[in-house]
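Coordinates in review
Single-letter residue listing:
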Number of protein chains: 2
Amino acid sequence: MVTIYDIAKKANVSAMTVSRVINKSEKISEITRKKVEAVIKELNYIPNNSARNLITKKTKILSLMITDIGNPFFTSVARGAEDKAMQMGYQLLLCNSDENFEKESKYMDMLISTGSDGVLIAPANDNSKKNMKKLTKHGIPFVLIDRRIPDIDCDQVLSDNEATTRRLIEHLIKQGHRKIAIINGPLVVSTARERQQSYIDTLKIHGISVNNDLIKESHFRDSDVTNSIQELLNLPESERPTAIFATNNFIGMNTMKILYRHNIKVPEEIAVVSYDVPNYTENESILTVAEQQAYNFGYIGIQLLIERIEGAAPEKARKIVLPSEIHLRASSLNQRD
Amino acid sequence: MVTIYDIAKKANVSAMTVSRVINKSEKISEITRKKVEAVIKELNYIPNNSARNLITKKTKILSLMITDIGNPFFTSVARGAEDKAMQMGYQLLLCNSDENFEKESKYMDMLISTGSDGVLIAPANDNSKKNMKKLTKHGIPFVLIDRRIPDIDCDQVLSDNEATTRRLIEHLIKQGHRKIAIINGPLVVSTARERQQSYIDTLKIHGISVNNDLIKESHFRDSDVTNSIQELLNLPESERPTAIFATNNFIGMNTMKILYRHNIKVPEEIAVVSYDVPNYTENESILTVAEQQAYNFGYIGIQLLIERIEGAAPEKARKIVLPSEIHLRASSLNQRD
DNA sequence: TATATTTTTGTTATCGATACCATATTTGAA
DNA sequence: TTCAAATATGGTATCGATAACAAAAATATA
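First, a word on what this report is: a plain description of the structure on this page. None of these values were measured; they are calculated from a predicted model. (Residues numbered from 1 in each chain as written. Chains lettered and ligands numbered in written order. Predicted model: local features only at pLDDT ≥ 70, side-chain atom pairs only at ≥ 80, totals over all residues. Heavy atoms only, no water.)

Overview of the side chain of A:Thr247
Where we set the bar: To qualify as a helix, a DSSP run of H or I must reach at least 4 residues; to qualify as a strand, a run of E must reach at least 2; elements of each kind are numbered from the N terminus. Only protein chains enter the accessibility calculation, which uses a 1.4 Å probe; a residue is then buried when its area is under 20% of its type maximum, exposed when over 50%, and partly exposed in between.
By the element assignment, A:Thr247 lies in the loop between β8 (243–246) and α11 (249–261). Taking relative accessible area as the criterion, A:Thr247 reaches 0% and is therefore assigned buried.

Set out below in structure tokens:
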């Protein structure tokens, strides 16, 4: 392996001078710079970051902790994060918690060990608080995206869950629905709680009583909604929902599939609205969705993180709320409209 | 920061002994092990990998170079890679080349600098050969996935492009099509070449002459097929294709969308077959696709890579070809069948 | 009991870069 | 021309771990 000493020797300068050239220090004469750069190129020298990190305590590596890279939502987050990180000269370590606190913890140790300069994290659930504390103890800055954690005060990029859910539910109400079900993720996740709360509040505001039989808890990943939907369909006619609100893309997607299998017409028999289902296939989607700014969660998140790392951020934690865009489509629109 | 010396001091042993405990060396008495482990836990000690890497020359970091994390195909690859890497105690550095050789090269320097133990790479195109040579020069093992590179002999996990394309085209021929168009990615990518060659060979075998007007070159990413399709539609009736073969998911997806916009009925007016379009939305897809084992590209790829890194691989390069599965659906099936 | 053998622990040098301070060289002003 | 100031370069210690060898302690053997 070519080291800084090999370069120094061949260029007839000290290692320190080579280091200065590499780090673009200005206190170098044009002549020596050229000379050194020539040798660097000739020998194909690439600095050893382990050595550099050891002394500088900086790795230029950020960790991206998401719950599921298989989820198109997080794929967009990753895209945004990667774009910004690359642009700023940082590399990205991919961590996939699978919505699982233990796996997240294991990654946490690895990324601390590796010396991540910072972490962009969509926490698995409220337990992740422990992991945030650990980061703080190790002096590693982090930015929370998508999901907040109670009592953790830090830079955040979040979605406007309250407002978006309200608009979604009010849309259903306007379409004449009174029996609206929600199929949600686990309530240990802040987004699930916020969406459910907004769902409840909105119903109440509009004088609709909340029926607990219409509230189903599933998973954001491996979301098998078969049972939830079966239970909804088994309700007596008077209670049976005429609309379903799915709180994430997989739940929405699977809801549509199961309804289809049951031969239930959407929206005639049951209307559906969902969060974030991507339109990856052939025709235009028929599903009404609230589309979050996934890409910006990653992009802006990394920006905040780097500002924090490089000391360019204000002391006070920043909280950025990105609005979602609602696409009204056939799955929730009455024919007569 | 807590170092190995802090632990040593507090546990009343030498740093070397602590190191042995961390690395699970057996030459440690049960008593001292317990003692040291207690202190490690008490002080929340996590070893500094930069220091460790500097001397061991191993980082336990692998790089995953893909062309687009936004592409569901590569998302699955990443999922498989992540699963296996985590299982084997490695971390994954995410590199996104955007089908761009320069960006790939930039990442290459970064990952060499970081000290990646190995690289799993879907190369941008044939130019990537230079980058492979660079890796070799730096003694970093790599495994090629999805795309091969001329004259590069290394472990590979590839798709059976020849056979799969043939089956796809023969299916179309069996459905009565003689005028079959192909909308392909750039021919500097091996998969594009192989699929096109197989398309041509299959037509010839079946006595169908190849019409160059039916061969369109687009992009695997940001694939705007508007022009290609417009040109196909502008062909005189006698030449106009009755079927289109899309060589990747984005091309397939966009082809369907554009045809839909042109109000062209699929499959009645034009049949469509494609590679890899995921079924991420509401209903069952109507698109006939060849589904590659994307997950296994990542999973097996990482496995081969780690075997190679850890010296558990045979000298000779291994080439693993994973068959694709064809899902016949409405987009290519005649009504009468 | 004395010695050989095995097991456990410690000492020192080292990995490849940069920090910090010292020195040499150049430039500018008097 | 001379000396001060500014600029450019170098020497040495250091980051935190492990390698390689050395020594001490425990155990086995005669």
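Comments concerning the protein's contact with DNA strand C
The condition that has to hold: Near residues are defined by distance, with any heavy atom within 4 Å of the molecule or strand qualifying the residue. Identification of polar contacts relies on pairs of N or O atoms within 3.5 Å, with a donor-acceptor requirement for protein atoms, meaning one able to donate a hydrogen and the other able to accept it, and with residues adjacent in sequence counted only if both atoms are side-chain atoms. Charged means Asp, Glu, Lys or Arg here, nonpolar means Ala, Val, Leu, Ile, Met, Phe, Trp, Tyr, Cys or Pro, and polar covers whatever is left, Gly included.
Surrounding DNA strand C, one finds 27 residues, the nearest of these being A:Ile4, A:Ser19, A:Asn23, B:Thr17 and B:Arg20. In the interface set of DNA strand C, defined as its atoms within 4 Å of the protein, sugar plus phosphate atoms amount to 60%. Between A:Asn23 and DNA strand C, the recorded distance is 2.7 Å, taken from a side-chain N or O atom to a phosphate oxygen. Contributions of two or more residues to the surface near DNA strand C are made by α1 (4–11), α2 (15–22) and α4 (49–56) of chain A together with α2 (15–22) and α4 (49–56) of chain B. Top element by residues in the surface near DNA strand C is α4(A). It accounts for 5 residues. Its residues assigned to classes, the surface near DNA strand C comprises 13 nonpolar, 9 polar and 5 charged.

Topic: the pattern of salt bridges
Test applied: Salt-bridge detection follows one rule: a side-chain nitrogen of Lys or Arg within 4 Å of a carboxyl oxygen of Asp or Glu.
Taken as a whole, this structure holds 44 salt bridges over all chains when the rule is applied. The partner of B:Asp98 in a salt bridge is B:Lys103, with the nearest N and O atoms 3.1 Å apart. In this pair, the class of B:Asp98 matches that of B:Lys103, namely buried. Among the ionic contacts, a cluster of salt bridges with common partners joins A:Asp68, A:Asp98, A:Lys103, A:Arg221, A:Asp222, B:Arg79, B:Glu82 and B:Asp83.

Some thoughts on the pairing of strand β1 (residues 61–66) of chain A
Residue and element names in this part refer to chain A. Filter applied, for reference: Note: two strands are recorded as paired if DSSP finds a minimum of 2 bridges between them.
Most of β1 is tucked away, with 6 of its 6 residues classed as buried. Burial of β1 is two-sided: the residues Ile61, Ser63 and Met65 facing one way and the residues Leu62, Leu64 and Ile66 facing the other way are all buried. By the bridge criterion, 6 bridges tie β1 to strand β2 (residues 91–96) in an arrangement that is parallel. Looking across to β2, one finds that Ser63 is bridged to Leu93.

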